[in-house]
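What follows is each chain in one-letter form.
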Amino acid sequence: MSTEEQTEDQIEGLLDYLAQARGFDFRAYKRPTLTRRIHKRMREVGAESYSEYLDRLQVDADEFGHLFDAILINVTAFFRDPEHWDYIGRHILPTLIGEKPATAPIRVWTAGCASGEEAYSIAMLLADALGSEGLRRRVKVYATDVDEDALAIARAGAYPSELLQPVPPEMREKYFEHVGSRLVFRTDLRRSLIFGRHDLVQDAPISRLDLLLCRNTLMYFTPQAQDRVLAQFNYALNPNGFLFLGKAEMMMRQPEMFRSIDLKQRVFMKVPPHGLRDRLAALRDSSEPERVAESLPQLPGLASDAAPFGQMLLNAEGIVVAANALVREWFGIEDSDLDRPLQDLEMSYRPVELRSLIARAHEQGRTLTIRDVEQLRESDQVRHLDLTITPLVDGKVPIGTSLVFNDVSPFHELRRDLERAQHELETAYEELQSTNEELETTNEELQSTVEELETTNEELQSSNEELETMNEELESTNSELQNFNNELRLRTEEVDQVNTFLDSIVSGLQLGLIVLDQSLEVRMWNDGCEDLWGVRLEEAVGRPISDLDIGLPLDDVVRMVREAAVDGASPQEATVAAVNRRGRNIRCRIVASRLPVKGDGGPAVVLLIEQLKDEAPVP
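None of the values given here were measured: they were computed from a predicted structure.

### Comments concerning the overall build of the chain
Across its full length, the chain carries 19 helices and 20 strands. Classification of the 619 residues of the chain by burial places 42% in the buried group. Counted over contacts in the chain with a minimum sequence separation of 6, partners at least 24 positions apart contribute 58%. For the chain, the accessible area works out to roughly 34,600 Å², and carbon and sulfur atoms hold 51% of it.

The structure is reproduced here in structure tokens:
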């Protein structure tokens, strides 16, 4: 195996690993661009071969992210190529909106949206055309990409002000809000945009679209992948839906799927699957039944050997009555096969099932055309035939069938040559465009890096001077902090002594002491309360007093607390009947006093509860 073949196998192994282990299939990307970007990353990490770089990917979890960034260069901007966007706003959107009912939804897909600038650009144009309420009510903009990091930026909708310079000032003021140093797309309009991960090559397309934007994305794919993506775009668009490409894409492929609206502005319209060519073919063949029926008495003579097409005639019973020289040559028809039923001949089912098609043509009463029938020849080459089946009738009575075979192989060969030349031209153009964009990007990055380095140098010099000043200040501050710590330690000791003294006073009271906050939740509960009702401190603190199972008339107590909590109110006092922890009836004297609390906590209320021992128990 040659060195080139070994290298190709290693590339395929690397791409297979990325597809199977990481879920990103880059095999549909153009190989020269892809290998160039992989080589760049390999040089950055010092990998000498693909196998060595594959080993690094398998052991370094972060390396895949760096490779992904190197492969997908997200170059985008608001209203990139302004003249194209101006054409969309002035011509395409009015046409699109004018053809739809006033309440019909409008669906837009921006494929390969990167960090979201183009999605917000089309949303602003639609908002200008429909108004903000119309955008919210009717429009859905689906924006997709394979790069999750870029999608995270797009979902946030927040951009530095310098990135919004291409946006007209009136649009910036109307659709963006200032949040700190960034501009954020309006939240009420942001709901009309849906961002999600989507692989154009592998995932199913979004359907029922009126407008599809895929700008400077197709050029990274191979011709085969482009064909698949364009077929999906054709399926996804509504009839007369619009496709908007980038200036690096010419739509030289698949002309039967899209027609150019304005090639310079890269705007195309979907061509329905059954278009003008099929209708013209039906018109061309519509007169054949009458012409053939009139000449029916001379059926054998109609199959002229001089005709540039193959022709066979069947009678009403399906018997072969005539076949010209081309049919005999192509399908091996002998003289002995004449006057035999078609079903007895091999050509009745190869290369296409003729009997069912003939039955359908007679059932529908019209000429049936089958295009691009492939016939395998003895030389293993393929002959492409267009088949026309015409029922022959006399009045309304069927009298036979005409089978016409046109050899369109030269046309296919010419089309393949043209497509091959188009592919090569498009590939060369896209490679040139891609290289140019990469060079522009690299130049901008280098200029930015130089400016950043100069700024960083100045900042470092300034920071060095500030650090020297700060060092002197820190030395001074350090001595002050030491003095402050000494004072703080003395104060802390004094506070601890006071707290210990207060705790001993509260615990030593022969009265029940309860402190309630403005929500009537217990904040203090002393030993006297525990002796009276058997409820411990940890069971009471943090709970509303009305939830506690104690022998007090809580409704009266709550009323006293609310009256005492009023600003300027005097302490409330009452003697109530109660039940202690042992279930005995007792009488208690309760005093509720307002205790102002600093801050936003509101006033607290202190309850002093004294069991009256000189009173007889309440029955």
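Once the structure has been displayed, the description carries forward.
### A few points about the pairing of strand β17 (residues 522-525)
Note: strand β16 (residues 512-516) against β17, 3 bridges, orientation antiparallel. Residue pairing for β17: L516 is matched across the bridge by V522. Taking the residues that link successive antiparallel strands as the turn, the β16-β17 hairpin has 5 residues, and the phi of L520 there is positive, at about 65°.

### Here we look at a negative patch on the surface
On the surface, a cluster of negative charge is contributed by E465, E466, E468, E472, E473 and E475. Relative to the helices and strands, E472 is located in helix α16 (residues 409-508).

### Notes on the packing of helix α5 (residues 82-98) against helix α6 (residues 117-138)
Two measures define how a pair of helices packs: the angle their axes make with one another and the distance between the axes. Their axes nearest at 10 Å, the elements α5 and α6 cross at an angle of 55°. As the angle between them shows, α5 and α6 are arranged oblique. With respect to the hand of their crossing, α5 and α6 are arranged in right-handed fashion. Side by side, α5 and α6 meet where W85, I88, G89, L93 and I97 of the first sit next to E118, S121, I122, L125, L126, A129 and L130 of the second. Of the residues that constitute the contact of α5 with α6, the class distribution is 9 nonpolar, 2 polar and 1 charged.

### Focus on the environment of T7
Examined against the element boundaries, T7 turns out to sit in helix α1 (residues 3-21). Separated by 42 residues in sequence, T7 and S49 place their C-alpha atoms 8.7 Å apart.

### Quick notes on the packing of aromatic side chains
Here the structure, examined in full by the defined rule, presents 11 aromatic pairs. Considering the side-chain rings of W109 and F233, the 5.8 Å spacing of their centres and the 85° angle between planes classify their relative orientation as edge-to-face. Of the two residues, W109 sits in strand β1 (residues 106-111) while F233 sits in helix α10 (residues 223-236), which places them 124 residues apart along the sequence. Classification of W109 as buried rests on a relative accessible area of 0%.

### Regarding the confidence of the model for the chain
Of the residues in the chain, 85% have a pLDDT of 70 or more, and the chain-wide mean is 82. Low pLDDT, under 50, characterises residues 615-619; the predicted model gives this stretch 8 contacts beyond four residues in sequence or across chains.

### A short note on the sheet that holds strand β18 (residues 572-579)
In spatial order, the strands read β17-β16-β20-β19-β18; together these 5 strands make up an open sheet with antiparallel pairing. This sheet does not close on itself; its edge strands, each paired only once, are β17 and β18. Looking at each pair of strands side by side, their axes are set apart by 25° on average, direction ignored. With 8 bridges connecting them, strand β19 (residues 585-595) and strand β20 (residues 604-611) associate as antiparallel partners. Residue A592 lies in a different strand from β20, and its bridge partner there is L607. Most of the contacts of helix α19 (residues 554-565) go to β19, to which it runs at about 20°, and overall it touches β16, β18, β19 and β20.

### Looking at the sheet that holds strand β10 (residues 267-270)
Reading across the sheet, the 7 strands line up as β6-β2-β1-β7-β8-β10-β9 and stay open at both edges, with mixed pairing between neighbours. Each having just a single partner strand, β6 (193-197) and β9 (258-262) make up the two edges of the open sheet. Along the sheet, successive strands turn relative to each other by an average axial angle of 20°, direction set aside. Pairing of β9 with β10 involves 4 bridges; the strand directions are antiparallel. Along β10, the bridge assignment pairs S260 with F268. Strands in contact with α6 are β1, β2 (139-145), β6 and β7 (209-214); relative to β2, the strand with the most contacts, it is inclined by about 160°. The sheet contacts of helix α7 (residues 148-156) involve β2 and β6, and relative to β6 the element is tilted by about 165°.

### Here's the deal with α7
Looking only at α7, the buried set comprises A150, L151 and A154. The buried residues of α7 occupy an angular sector of 100° when the element is viewed end-on, so they sit on one face. Where α7 is buried, its residues touch α6, β2, β3 (158-160) and β6. Regarding α7, its N-cap is D147, as a side-chain oxygen of that residue lies 3.0 Å from the backbone nitrogen of D149 further along. Of the residues trailing α7, G157 is marked for its positive phi of about 65°.

Thresholds applied
Residues numbered from 1 in each chain as written. Predicted model: local features only at pLDDT ≥ 70, side-chain atom pairs only at ≥ 80, totals over all residues. Heavy atoms only, no water. Helix = DSSP H or I, 4+ residues; strand = E, 2+ residues; numbered from the N terminus. Buried < 20%, exposed > 50% of the residue type's maximum accessible area, 1.4 Å probe, protein only. Contact = heavy atoms within 4.5 Å. Areas by Shrake-Rupley, 256 points an atom, 1.4 Å probe, with all protein chains shown as cover. Pairing = 2+ DSSP bridges. Patch = residues over 30% accessible without salt bridge, like charges linked within 9 Å, V, L, I, M, F, W, Y side chains within 5 Å. Salt bridge = Lys/Arg side-chain N within 4 Å of Asp/Glu carboxyl O. Lys, Arg positive; Asp, Glu negative; His and termini not counted. Charge placed at Lys NZ, Arg CZ, Asp CG, Glu CD. Axes fitted to C-alpha atoms, helices over the stretch in contact; angles between N-to-C directions. Parallel < 35°, antiparallel > 145°, perpendicular 65-115°, else oblique. Left-handed = near helix turned anticlockwise from the far one by under 90°. Nonpolar A, V, L, I, M, F, W, Y, C, P; charged D, E, K, R; others polar. Phe/Tyr/Trp six-rings, centres within 6.5 Å; stacked < 30°, edge-to-face > 60°. pLDDT = per-residue confidence, 0-100. Arc of directions from axis to C-beta. Polar contact = N/O pair within 3.5 Å; in protein donor to acceptor, adjacent residues only side chain to side chain.

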